[in-house]
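Observations on chain architecture
This is what each chain is made of:
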Amino acid sequence: MEGIELKSQQHQAQRLQQLHDEEESFLRDGGDPPSHSHHTNRPTGSNSSSFSRDVSVCTTAYSRLSFPTRAIILFVVSSLLFYGAYEFGLDEGVKKENSYLEHQHDGIGMASSSGVGSSGGTKHADDINSKSGNGATGRDNKYTNTPGAFTKELLQSTRKATKELVNMLNDYYGGEDVAVVMLAGSWQAAWKLDVNLFMDENDGSGANDDDDDVSTTNDAANDDDQSRRNLSKKKKVKKGKVLNDPDNMSEEQKTKHHHYTKQRTTKLITTMARALLNPTQKNFIIGTIGSSVAAGHDNCHYDCYESQLERTMQSVFEAADMKLIVQNAGEGGGCGDSHQNQVYCITHNISPNADIIHYSWTYFEKERAEEQREQLIRWGQRMQRRPMVHHLVARGKSNTCEGDKQENVDLDNTYAGYGYNAFCIQTGLYFGGHDYDTEEENGLNRFGWQKVGDGYHNTTRYGEELLDGNPRKDSLGTVFRNWHPGPLGFQIAADAFAYVYANGVLMALDIIEADMNSGLNVLDRWFDRSRRMGEEEESVNDGVQMHRELYPLPSLGEMPEPLFCDPLYCSVPHAPSCLNYEKPTFGTPGVTVKSQSQWSIWNEDNNWKYMVGKVDTAIFKAYNDPEWEKKCSHLDACGGITAKDPSHGELVFELPSSNMVAGLVIVCGCCGKKIAESMFLENEYLVIKYNNKVLDKANMDVFPNAKCVRVLKGFEQDGYEKEASMLLSFELSGETEVKISHVVAL
């Protein structure tokens, strides 16, 4: 019996395999019935008859099997059915998720009628990325044939490099949950790095009337805020009262809070997407203004946070066929400058084409610093690329990055749509959960001077490559040199910026890819198509100016009323024009010299050891390596244009009449914090003229800090009118030293 049963099983197994082969052939041939010549025993007749016979054969075969064999077959078949159902559901879920990204109109707004240059989701024949008649997916078109276009290949390579960076930072800080809290959640306004928060509006700054997912998303936001508190709740160090705490908000306040979060995320995504997509943009520029903290003093310049950030993120932009440039215009206090006067020179201190502005004046901001921050935010939106402003604070409280001050919260909320935010070094470290209080009770203050190790790492990532015993390795592990951060303290600042920006790139890539796959014009979401130059204009104006106008941004619209700064000076269509003689500057002077006469330009001649600090000076002096001395050298130096007696003649500046809307004129002196009165107002030998008319110094005042004088307050206030030619001149009538460091016009 066993032999007969085995023979029958073999026969039926062969028949089942034959049926399987026929079915596979049927599917492969596009649904046509199989007609293989070697299937000589295939029954003929109708499809219904054939199917009935096959079922009969299978039933007979199954009934003749032994019970264990049938049990095994049942188990195998049920397992295959379960796996098939799972794969089908997974595939459908992916399809629905992709469909959501590609076609949703109200959430991410992939084809929203509110989008820039949108056509309500309808593709037109002249769309740059519209599908062609041969089934192309929008790549063989005018945009992708443009030199520098962002192709799918570039998108994929950029995503790969960006994911590698994000994964590296996740691993470095102990996992994604901790990294998110430390590097994104500890900011003054916690970042929510979720592409579903993207609002398809002009920079995310407009009102959002159909924000109907607030309750669902707020749950996630509250969970994130709660995780932030859980990781830092053991801290006994100085805390602040968190004013923007979702746990203590009404439903209306939560709705607004969620809207601000969406605006901030949208601006982040928009900034990255525009840079990646613009064929004429080859550099992504982050420009920093600030004090000695920003400059990196008491460290090698190679170790300042800007240099670390540039090295950390460079791979992302290289993958996009671009270059990341982080400009460090930070300077020490010896020149007498502060945030109060340097914000007026934003377009000369850094590139006017900056994508992001960094601001750091930790130890200078005493009272009303929110005025300068607001000025910078508003003036930044008048620059070419409408950069976000991100504020770096060297210290910070254990549970909030200065979110315990109402003025800061007001700035966060009012300017969320323009991407404003702040990161605090100490707060970021606290949020990682390390118990600094217990260590301090035991005599170890990791934030004290010259302490090595932050509780998570004992040196920087690039310091880990050095051998133990190398003094450079310990130096790189310093959290705070003194009041200045050390390399390890700067590393978390660089990593926080890199983490947020990299996630912004990933979110932008998701949206760009969805637009590509949908055959949409990938530029219309981000640029103003109605003002884009045509082919004739492009050929006529080929050059730098064409590049600036080829992909214009949509209209900025009305900015909110200023909270702290004078509307006369900060509700203007242009950023201030400035000529700054101090170093470094990366931008373009907006005030020019018409006649220098015998006045001479002067700058401090600092050697490589200037403000490097004793520790690193000793290390690199022993190296005796000119390349490292160059890497260590700081960029900042005081400077000015100077004269000492009447023989030097008249110095004449030409003010930019076309950009002057307020009539404000400021002049600053060098070098010291309180020289404005003695050098300008009380100097009887200094004559100041406007269009050859001597100005009365009694109408001038010290402004905006004690090294500067407001020569003219405004067109209406001073009674002078805007003219085609506006000349400001300085001349000495006796022996006296005058050094002019800045001239500002607005």
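Before any of the text, the structure's been laid out above.
Residues numbered from 1 in each chain as written. Predicted model: local features only at pLDDT ≥ 70, side-chain atom pairs only at ≥ 80, totals over all residues. Heavy atoms only, no water.

**Regarding the packing of helix α4 (residues 152–172) against helix α9 (residues 305–319)**
Threshold: Axes, fitted as lines to C-alpha atoms, cover a helix only where it is in contact. Angles between the N-to-C directions of the axes lie from 0 to 180 degrees. Per the convention used, a helix needs a DSSP run of H or I reaching at least four residues, while a strand needs a run of E reaching at least two, with both numbered from the N terminus. Angle categories are assigned with fixed cut-offs, so that under 35 degrees is roughly parallel, over 145 is roughly antiparallel, 65 to 115 is roughly perpendicular, and the rest are oblique. Whether a crossing is left-handed or right-handed is set by the direction in which the near helix is turned from the far one by less than a right angle, anticlockwise for left-handed and clockwise for right-handed. Any two residues whose heavy atoms approach within 4.5 Å at even a single point are treated as in contact. Each residue gets one label: Ala, Val, Leu, Ile, Met, Phe, Trp, Tyr, Cys and Pro are nonpolar, Asp, Glu, Lys and Arg are charged, and the others, such as Gly, are polar.
Viewed as axis vectors pointing N to C, α4 and α9 meet at an angle of 165°, and their least axial separation amounts to 7 Å. By the criterion of interaxial angle, the relationship of α4 to α9 is roughly antiparallel. As α4 runs across α9, the sense of the crossing is right-handed. Side by side, α4 and α9 meet where L154, S157, T158, A161, T162 and L165 of the first sit next to T312, M313, S315, V316 and A319 of the second. Residues that form the contact of α4 with α9 fall into these classes: six nonpolar, five polar and no charged.

**Description of the state of the cysteines**
Heads up, the condition is: The disulfide definition used here is simple: a pair of cysteine sulfur atoms within 2.5 Å. Any residue under 20% of the maximum accessible area for its type is buried, any over 50% is exposed, and the rest in between are partly exposed; the area is computed with a 1.4 Å probe on protein chains only.
As enumerated under the stated definition, the model contains seven disulfides in all. What pairs with C565 in a disulfide is C570, and their sulfur atoms sit 2.1 Å apart. Residues C565 and C570 are joined by a disulfide whose S-S torsion is about 90°; by sign, that bridge is right-handed. You can call C565 buried: its relative accessible area is 4%. Free cysteine: C304, not disulfide-bonded; nearest cysteine sulfur from C300 at 8.7 Å.

**Section: the packing of aromatic side chains**
Rule in force here: Pairing of aromatic rings covers Phe, Tyr and Trp, the last counted by its six-membered ring, and requires centre-to-centre distances within 6.5 Å; plane angles under 30 degrees mean stacked, over 60 mean edge-to-face, and any other angle means tilted. Cation placement over rings: the criterion is NZ of Lys or CZ of Arg within 6 Å of the ring centroid and within 35° of the ring normal.
Scanning all chains against the criterion turns up 27 aromatic pairs. For the pair W361 and F364, a centre-to-centre distance of 5.4 Å together with 85° between the ring planes defines the contact as edge-to-face. Residue W361 is classed as buried on the basis of its relative accessible area, which comes to 1%. Put simply, the rings of W187, W191, Y305, F423, F490, F497 and Y501 pair up and form one aromatic cluster. Across from the ring centre of F703, 3.9 Å away, lies the NZ or CZ of R710, which sits over that ring.

**Structural notes on the side chain of Q281**
Under the convention used in this document: For the purposes of these results, a polar contact is taken to be a pair of N or O atoms within 3.5 Å, where, inside protein, one atom must be able to donate a hydrogen and its partner to accept one; residues adjacent in sequence count only when each atom of the pair is a side-chain atom.
Position of Q281 among the secondary structure elements: in the loop between α7 (251–277) and β1 (283–290). Under the relative-accessibility criterion, Q281 is labelled buried at 6%. There is a polar contact of 3.0 Å between the side chain of Q281 and the backbone oxygen of N283. A distance of 3.1 Å separates a polar atom in the side chain of Q281 from a polar atom in the side chain of D355.

**Here we look at helix α12 (residues 369–380)**
Quick note on the threshold: Expected span of a helix, by definition, is 1.5 Å for each gap between consecutive residues, and there is one gap fewer than residues.
Here α12 spans 17 Å end to end across 12 residues, near enough to the 16 Å set by a 1.5 Å rise per residue. Extensive coverage of α12 is indicated by the burial of 12 of its 12 residues.

**Focus on the pairing of strand β15 (residues 708–712)**
Our working rule: Strand pairing follows a simple DSSP-based rule, namely that at least 2 bridges must link the two strands.
With respect to burial, β15 is a largely interior element, five of its five residues being buried. Bridging between strand β14 (residues 701–702) and β15 involves two bridges; their strand directions are antiparallel. Across the sheet, the residue bridging to D701 is R710, located in β15. The turn joining β14 and β15, which pair antiparallel and follow one another in sequence, is formed by five residues.

**Structural notes on the pattern of salt bridges**
Test applied: One speaks of a salt bridge when a side-chain nitrogen belonging to Lys or Arg is within 4 Å of a carboxyl oxygen belonging to Asp or Glu.
One pass over the structure, following the stated rule, counts 20 salt bridges. Among the salt bridges present, the one from E371 reaches R368, with a minimum N-O distance of 3.7 Å. Here E371 falls in the buried class, since its relative accessible area comes to 18%. Residue classification places R368 among the partly exposed positions, given a relative accessible area of 43%. With a closest N to O distance of 2.8 Å, R461 and D495 form a salt bridge. Placement of R461 in the loop between α15 (436–441) and α16 (471–476) and of D495 in helix α17 (residues 487–517) is noted, with a sequence separation of 34 residues between them. Through salt bridges with shared partners, a single ionic network connects D303, R472, R481 and D616.

**A look at the side chain of R481**
Tracing the backbone through its elements, the reader meets R481 in the loop between α16 and α17. For R481, a relative accessible area of 3% corresponds to the buried category. Only 2.8 Å separates the side chain of R481 from the side chain of N299, close enough to count as a polar contact. A polar atom in the side chain of R481 sits 3.4 Å from the side chain of T478. Excluding residues within four positions of it along the chain, R481 makes contact with D298, N299, W449, Q450, S475, G486, P487, V615 and D616.

**Looking at the sheet that holds strand β7 (residues 592–595)**
Across a sheet, paired strands are connected by hydrogen bonds in the backbone, their directions being either parallel or antiparallel. Reading across from one edge, β7-β10-β16-β12-β13 is the order of the five strands in this open sheet, with antiparallel pairing throughout. Where the open sheet ends on each side, the last strands, each with one partner, are β7 and β13 (693–694). Here strand β12 (residues 686–690) pairs with β13 via two bridges, running antiparallel. If you follow Y690 over to β13, its bridge partner there is K693.

**Considering a nonpolar patch on the surface**
Quick note on the threshold: The patches reported here contain residues having more than 30% relative accessible area and no salt bridge. Joining distances are 9 Å for like charges and 5 Å for nonpolar side chains (Val, Leu, Ile, Met, Phe, Trp, Tyr). With residues, only the protein chains shown are counted as cover, and all accessible areas are computed by Shrake-Rupley using a 1.4 Å probe.
Residues Y363, W449 and W483 make up a contiguous nonpolar surface patch of roughly 350 Å² in combined accessible area. Taking relative accessible area as the criterion, W483 reaches 41% and is therefore assigned partly exposed.

**Looking at the sheet that holds strand β4 (residues 388–393)**
Pairing in this open sheet of five strands is parallel, and the strands run β2-β1-β3-β4-β5 from one edge to the other. Either end of the sheet is taken by a strand with one partner, and the two such strands are β2 (323–328) and β5 (421–424). Recorded for the sheet is a direction-independent mean angle of 20° between the axes of neighbouring strands. Pairing analysis gives six bridges linking β1 to β2, with the strands arranged parallel. Within the sheet, the bridge partner assigned to N283 lies in β2 and is K323. The strands touched by α12 within the sheet are β1, β3 (356–360) and β4, with β3 carrying the most contacts at an inclination of about 170°.

**Regarding the nonpolar core**
Inside soluble globular proteins, nonpolar side chains tend to come together where they are buried. Note the following rule: Throughout this description, the term nonpolar core refers to a set of buried Ala, Val, Leu, Ile, Met, Phe, Trp, Tyr and Cys residues connected via side-chain atoms within 4.5 Å.
If you look at the biggest cluster of nonpolar residues, it comprises 75 residues, and the most contacted ones within it are F150, L183, F284, M313, Y501 and W526. Among the elements that take part in this core, α17 stands out by supplying 20 residues, more than any other. Sequence-distant contacts of M313, that is, excluding residues within four places in its chain, are made with L165, L324, A498, Y501 and A502. If you look at the next biggest cluster of nonpolar residues, it comprises 38 residues, including C345, Y418, A662 and V744.

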